[in-house]
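Residue-level structure breakdown
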Amino acid sequence: MDKPSAAGTDVPDELLRAIVELADGQSLDQDANAVLRQLAEHCVKLLGSSAASVLLAGEEAPELAPAAASNDSARRLDTLQLRTGAGPSIDAFHAAAPVLASDLRSASARWPLFVREALAEGFLSVHTIPMQSRRQTVGALALYGRATALPVSGVHEARALADVSASVIVRRRQLRKCQQLADQLQRALDSRIVIEQAKGILAQAGHIAMTDAFERLRGYSRRRDQQLSAVATALAHHDVPPQEILDGGIPHARARRNS
């Protein structure tokens, strides 16, 4: 039995299951393109589209790249759009608005190369939907038809699937940035701890103040053109004797022979 939406209209169970399946792609363990392949497959299976494809914008740069396609025909049309910089997916992404062409034969003036190739692939219509999450457009979903255009209800359902997928992509990117920041902070903390440990070793070995120990440690790392944390780690692991650093970089064994 179909479940009613908040607006009082019926939402097919298959569509709800597809939305839940796409939303499960929030995990960083799942490849982002796997989520988008699911999106393309759902559009073909549930909406009656003959083919579907997704162009996705990069995380740092807004350049589009192929992300998923239900068949080779849709994949070739995506490649053509990217090569020529013209086509419904390009327009939908940059305008952040749907681009609907119910009869591609009447769109030759707008996208001459794309229309020629789409007709050659057997497609007569294309409905392209921007993938958006909180006004951020991350890609474009193209739905191709070989006979009739997608009905209005199908376009709305495709928009729902596209927006869920966009939210998953944005969320994954946010989680990845948070994880990278956490890793950076952890590395900085680990570095600070080992430096403090090295200062204590030098202060004890040389009977000097902690500030003097830090200056000896820093001076040694500069003369050796090594990172301070690397020198501190070597000292803490007994790979460098404290006296070598205290002596200003003279290897301790040699320093004893010359004393």
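In this text the structure is predicted, and so the values were computed from the model without any measurement.

Brief notes about the environment of A203
Secondary-structure assignment places A203 in helix α6 (residues 152-206). A relative accessible area of 12% means that A203 is categorised as buried. Sequence separation between A203 and P242 is 39 residues, and the spatial gap between their C-alpha atoms is 9.3 Å. Discounting residues that sit within four places of it in the chain, A203 has contacts with I208, A209, M210 and A213.

Side note on the environment of Q204
Looking at the secondary structure, you find Q204 in helix α6. Taking the relative accessible area as the measure of exposure, Q204 reaches 64% and is therefore exposed. Placed 38 residues apart in sequence, Q204 and P242 show a C-alpha to C-alpha distance of 9.4 Å.

Remarks on the sheet that holds strand β6 (residues 125-133)
Read from one edge of the open sheet, 5 strands run β4-β3-β7-β6-β5, paired in antiparallel fashion. Pairing within the sheet leaves two strands with one partner each, and these edge strands are β4 (64-69) and β5 (99-101). Sheet twist, expressed as the mean angle between neighbouring strand axes with direction ignored, is 20 degrees. Where strand β3 (residues 51-57) meets strand β7 (residues 136-145), 6 bridges bridge the pair, whose relative direction is antiparallel. Bridged to S53 within β7 is A142. In this fold helix α3 (residues 72-84) packs onto β3, β4 and β7, with an angle of close to 35 degrees to the strand it touches most, β3.

Digging into the pattern of salt bridges
In total, this model carries 10 salt bridges according to the counting rule given. The salt bridge involving E121 is made with R76; its shortest N-O contact spans 2.9 Å. Of this pair, E121 sits in the loop between α5 (112-120) and β6 while R76 sits in helix α3; the two residues are 45 residues apart in sequence, bridging distant segments of the chain. Across the pair R159 and D163 runs a salt bridge whose closest N-O atoms are separated by 3.6 Å. Remark: D163 and R159 occur in helix α6; sequence separation between them is 4 residues, near one turn of the helix.

As for the confidence of the model for the protein
Averaged over all residues, the pLDDT of the protein is 83; the fraction at 70 or higher stands at 83%. Note on residues 252-259: pLDDT is under 50 here. Beyond four places in sequence and across chains, it has 6 contacts.

Some details on the nonpolar core
Judged by nonpolar contacts, the single largest core of 23 residues is most densely connected at L36, L39, C43, V54, M131, L141 and L143. Secondary structure elements with two or more residues in this core: α2 (32-47), β3, β4, β6, β7 and α6. Ranked by the residues each element gives to this core, the list is headed by α6, at 7 residues. Judged by nonpolar contacts, the second largest core, of 18 residues, contains A74, A107, A118 and A142.

Examining unusual backbone geometry
Unusually for a residue other than glycine, A96 sits at a positive phi of about 55 degrees. Summarising the element assignment, A96 is placed in the loop between α4 (88-95) and β5. In this structure, H207 takes a positive phi of about 55 degrees despite not being glycine. For H207, the location among the structural elements is in the loop between α6 and α7 (210-223).

Calculation criteria
- Residues numbered from 1 in each chain as written.
- Predicted model: local features only at pLDDT ≥ 70, side-chain atom pairs only at ≥ 80, totals over all residues.
- Heavy atoms only, no water.
- Helix = DSSP H or I, 4+ residues; strand = E, 2+ residues; numbered from the N terminus.
- Buried < 20%, exposed > 50% of the residue type's maximum accessible area, 1.4 Å probe, protein only.
- Contact = heavy atoms within 4.5 Å.
- Pairing = 2+ DSSP bridges.
- Axes fitted to C-alpha atoms, helices over the stretch in contact; angles between N-to-C directions.
- Salt bridge = Lys/Arg side-chain N within 4 Å of Asp/Glu carboxyl O.
- pLDDT = per-residue confidence, 0-100.
- Core = buried A, V, L, I, M, F, W, Y, C linked by side-chain atoms within 4.5 Å.

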